[in-house]
Amino acid sequence: MIALTITQKARRMSEPDFYYTIEKPSVAEYKERGSKFIAYAFPLNAASEFKNQLQQLKKEHPKAEHHCFAYRIGIDGNNFRSSDDGEPSGSAGKPILGQLDSKQITNTSIIVVRYFGGSLLGMPGLINSYRTATAIALQLTPIVQKQVEANYTIQFDYTQVNEIMMLLKQYQCTIVRQEMQLFCAITAGIPKRSLQDVLYKLKELQNVIIEKAA
């Protein structure tokens, strides 16, 4: 586990209802002494998504010698992973993860594809190259603040659709899934800061069933 800086600790204590992540994917290329480093940055919501991202890039770059990466998910800082993929230990994954931490962002993955150019870079050269390629990719996509949400499934009669939708819109909830039939079901991401208010108002309605989503 990587120790948090004072700034990171202060941010998480003062803004526990929000986190910072990248707005959209980006890609950057960095060359050093003949080697080419292509860094891909992706928004990430679950570790299961990362496997698909990595497999896709391995298909796109089958001749690359290394596919190094790091990702972090969640606001507590504990869910992260990094890999040197055959590079010397600590020369790739750690510098990539360090760039995520330096910008205090989460729910983000970075995959750096390396094509070897014939000249040995040494440990300092590799660290600098992976760090620089990652930094450029992160500069090419905006860092945005997002609300921490809790997912709940709300079941209700079709006649209550307008009332339920207006309530969710009022509190800026995210619609994750919805099924509109005679008896409807909506899975909504409810902002943490508004969670108690939304649940209270939903419980006041008749014939509405509320369950914490998995």
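Higher on the page you've got the structure.
One structure accompanies this document, and this report is about it. Remember, it's a predicted structure, so these values are computed and weren't measured experimentally. (Residues numbered from 1 in each chain as written. Predicted model: local features only at pLDDT ≥ 70, side-chain atom pairs only at ≥ 80, totals over all residues. Heavy atoms only, no water.)

1. Topic: the pairing of strand β9 (residues 174-179)
Within a regular strand, the side chains alternate between the two sheet faces.
Here is step 1 of the chain: Across five bridges, β9 lies against strand β10 (residues 183-191) in antiparallel orientation. Bridge assignment links Thr174 to a residue of β10, and that residue is Gly189.
Here is step 2 of the chain: Following β9, the chain reverses through three residues before pairing antiparallel with β10. (Pairing = 2+ DSSP bridges. Helix = DSSP H or I, 4+ residues; strand = E, 2+ residues; numbered from the N terminus.)

2. Let's talk about the sheet that holds β10
Here is step 1 of the chain: An order of β9-β10-β8-β11 is seen for the four strands of this open sheet, with the pairing classed as antiparallel. Both edges of this open sheet fall to β9 and β11 (209-212), since each of them pairs with a single strand only. The mean angle between the axes of side-by-side strands here comes to 20°, regardless of whether they run parallel or antiparallel. (Axes fitted to C-alpha atoms, helices over the stretch in contact; angles between N-to-C directions.)

3. Description of unusual backbone geometry
Here is step 1 of the chain: In this model, Asp85 sits at a positive phi of 45°, which is unusual for a non-glycine residue.
Here is step 2 of the chain: For Asp85, the position within the fold is in the loop between β5 (79-83) and α3 (93-102).
Here is step 3 of the chain: For Asn107, which is not glycine, the phi dihedral falls at a positive 50°.
Here is step 4 of the chain: Assignment of secondary structure puts Asn107 in the loop between α3 and β6 (108-115).

4. Notes on the layout of surface pockets
Here is step 1 of the chain: What the largest pocket holds in volume is close to 380 Å³.
Here is step 2 of the chain: Lining of the largest pocket is provided by 19 residues; of these, Asn45, Asn107, Glu149, Ala150 and Asn151 occupy positions nearest its centre.
Here is step 3 of the chain: Secondary-structure elements contributing two or more residues to the lining of the largest pocket are β8 (149-157) and β9.
Here is step 4 of the chain: When grouped by side-chain class, the residues that make up the lining of the largest pocket number eight nonpolar, eight polar and three charged. (1 Å grid on protein atoms, 1.4 Å probe; cavity = no way out; pocket = protein on both sides within 12 Å on 5 of 7 lines; lining within 4 Å. Points joined across faces, edges and corners; volume = space filled by probe spheres on them. Nonpolar A, V, L, I, M, F, W, Y, C, P; charged D, E, K, R; others polar.)

5. Remarks on the packing of aromatic side chains
Here is step 1 of the chain: Throughout the structure, instances matching the rule amount to four aromatic pairs.
Here is step 2 of the chain: Between Tyr40 and Phe42, the ring centres sit 6.4 Å apart and the planes meet at 5°, which makes this aromatic pair stacked.
Here is step 3 of the chain: Grouped by ring-pair contacts, the aromatic residues Phe50, Phe69 and Tyr71 constitute a single cluster.
Here is step 4 of the chain: The ring of Tyr115 is capped by Lys36, whose NZ or CZ atom sits 5.4 Å from the centre of that ring.
Here is step 5 of the chain: Note that Lys212 overlies the ring of Tyr152, its terminal NZ or CZ placed 5.6 Å from the centroid. (Phe/Tyr/Trp six-rings, centres within 6.5 Å; stacked < 30°, edge-to-face > 60°. Lys NZ or Arg CZ within 6 Å of the ring centre and 35° of its normal.)

6. Some thoughts on the pattern of salt bridges
Two side chains that carry opposite charge are able to pair once their charged atoms sit near each other.
Here is step 1 of the chain: All chains considered together, the criterion is met by three salt bridges.
Here is step 2 of the chain: Here Lys31 makes a salt bridge to Glu29, at a shortest N to O gap of 3.8 Å. (Salt bridge = Lys/Arg side-chain N within 4 Å of Asp/Glu carboxyl O.)

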